[in-house]
Amino acid sequence: MPNATAPAPLPVSDTWSALMWPGAQVRRWCAQANGTAYRVMVWCPEGEPPPDGFPAVYVLDANALFGTFVEAVRRSSRRTDATGIGPTAVIGIAHDSADLFANAQRQRDYTVGPPAHGAAPTAEQMGGAMDFLSFIADELILQLRRELPLSAARQTLFGHSLAGQFVLQALASRPQVFAHWAAISPSVWWDEAGLRAKLAALAAARCGQPGSAPRLFLAVGEWEEAVPPWQRQQPGYAQLVARRAQRRMVGSVRDLAALLTAHWGAERVRFHVFADEDHASILMVAVQRVLRFMWGDAG
């Protein structure tokens, strides 16, 4: 006999709707520092913020990485006891483009000097890093803290590849802006001599003051100075081998880590070579580790 109280079947829709992360917002933002428009994406955790506001991670190249960070926080912060990661606001900064990575704008905004190898771009094509940093530090952060419950003391800047090189340039120039800095596979080769000199000066200036030093997460993939097995049958293998040997990604990042660790201590500088990862594949692995690092993991 049929159950008279059985619920009616749910209606079925034959149309598709847009899907987004609950609570995520985006705004087109014109930076006063350089007159450039950016997409700023914001996501804050649900629930009551801590008294000093949510910790926040500022993510560069956000067209590609904002959703990755939001999902990582949503999943991991459900079990802080198991993951070491608590509720964290995600602030994405993207170039005003439909591209995941806007290469021309990245080259302009993430660099200070010319690359060490190859033809130098024109003055208009590079060297905008300090203006971009001024936009972040003097405009964006201040305005967002007026609008959102964000902690002034628990901020992290995350960048990968050329954006990772920018993270290091920003650290060398204005180390007080962020408490935590994450440079994943940073393109140290772009202006290695200039960057190394700035970081050495910063390390020396803060020598003897380890408690005031920033916390820095540096990481690189095992295969970034060689060619991983899954790329060896692709065209251009010989050129890729030569380029990677010249750029010396693993060795250069390792050297920087050693320099800063000698001054600031291993508890403030974390260097990790991710096994069996390459320049692109490292990203998904590094996101979780950076979030745990900013939450104070010492392991």
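Residues take numbers from 1 onward in each chain, read along the sequence in its written order. Local features in a predicted model are, by the rule used here, given only for residues with pLDDT of at least 70; side-chain atom pairs are given and counted only at 80 or more, and totals for whole chains, interfaces and linings are based on all residues. Excluding hydrogens and water, the side-chain values take into account all heavy atoms of the structure.

Enquirer: Just checking my understanding: could you explain the nonpolar core for this structure?
Expert: General note: in soluble globular proteins, nonpolar side chains tend to be found buried as a group. If you look at the biggest cluster of nonpolar residues, it comprises 57 residues, and the most contacted ones within it are Tyr58, Leu60, Phe135 and Phe166. For the purposes of this entry, the term helix denotes a DSSP run of H or I that reaches at least four residues, the term strand denotes a run of E that reaches at least two, and both are numbered from the N terminus. Top element by residues in this core is helix 4 (residues 129–147). It accounts for nine residues. Contacts of Phe166, omitting those with residues within four sequence positions, involve Leu60, Asp109, Tyr110, Ala129, Phe132, Leu133, Ile136 and Leu157. We define the nonpolar core as a collection of buried residues of types Ala, Val, Leu, Ile, Met, Phe, Trp, Tyr and Cys that are connected through side-chain atoms lying within 4.5 Å of one another. Three exposure classes are used, based on accessible area relative to the maximum for each residue type with a 1.4 Å probe and protein chains only: buried under 20%, partly exposed in between, and exposed over 50%. Counting 29 residues, the second-largest nonpolar core is a separate cluster that includes Trp43, Ile282, Ala286 and Val287. Any two residues whose heavy atoms approach within 4.5 Å are treated as being in contact.

Enquirer: So what exactly am I meant to see when it comes to the environment of Val112 here?
Expert: When you line up the elements, Val112 lands in the loop between helix 3 (103–109) and helix 4. Sequence spacing of Val112 and Ser173 is 61 residues, and the spatial spacing of their C-alpha atoms is 11 Å. Not counting chain neighbours up to four residues away, the residues in contact with Val112 comprise Gly127, Ala129, Met130, Gln169 and Lys198.

Enquirer: Explain the pattern of salt bridges to me, please; I cannot follow it from the model alone.
Expert: Just to be clear on terms, a salt bridge is a Lys or Arg side-chain nitrogen sitting within 4 Å of an Asp or Glu carboxyl oxygen. Per the stated rule, a full pass over the model turns up 12 salt bridges. Here Arg27 ties to Glu147 by a salt bridge, and the two come within 2.8 Å at their closest N and O atoms. Of this pair, Arg27 sits in strand 1 (residues 25–30) while Glu147 sits in helix 4, and the two are 120 residues apart along the sequence. In this structure Arg27 comes out as partly exposed when scored by relative accessible area, which is 39%.

Enquirer: Where do I start with the sheet that holds strand 6 (residues 180–184) in this structure?
Expert: Any two strands between which DSSP finds at least two bridges are classified as paired. Ordered in space as 1-2-4-3-5-6-7-8, the eight strands form an open sheet in which the pairing is mixed. Looking at the sheet topology across the chains shown, the edges are occupied by strand 1 and strand 8 (269–274). Here the strands of the sheet are splayed against their neighbours by 20° on average, with no regard to which way each runs. Pairing of strand 3 (residues 54–60) with strand 4 (residues 89–95) involves five bridges; the strand directions are parallel. Within strand 4, the residue paired with Leu60 across the bridge is Ile93. Each axis is a line fitted through C-alpha atoms, taken for helices only over the stretch in contact, and angles between the N-to-C directions span 0 to 180 degrees. The strands that helix 8 (residues 249–264) touches are strand 7 (215–221) and strand 8; relative to strand 8, the one it contacts most, it runs at about 155°.

Enquirer: Could you clarify how one ought to interpret the packing of aromatic side chains in this entry?
Expert: Remark: the centre distance and the inter-plane angle together describe each pair of aromatic rings, the angle taken between the planes. By convention, a stacked pair of Phe, Tyr or Trp rings (six-membered ring in the case of Trp) has centres within 6.5 Å and planes under 30 degrees apart, an edge-to-face pair has planes over 60 apart, and any other such pair is tilted. By the definition in use, this model includes 12 aromatic pairs. Judged by centre distance (6.2 Å) and plane angle (35°), the ring pair of Phe132 and Phe135 falls under tilted. One end of the pair is Phe132 and the other is Phe135, both in helix 4 and three residues apart, which spans about a single turn. The same class applies to Phe132 as to Phe135, namely buried. Over a ring means this: the NZ of a Lys or the CZ of an Arg is within 6 Å of the ring centre and within 35 degrees of the ring normal. Here Arg154 stacks its cationic end above the ring of Trp295, 4.7 Å away from the centre of that ring. Here the guanidinium or amino end of Arg247 rests over the ring plane of Trp189, the centre of that ring lying 3.7 Å away.

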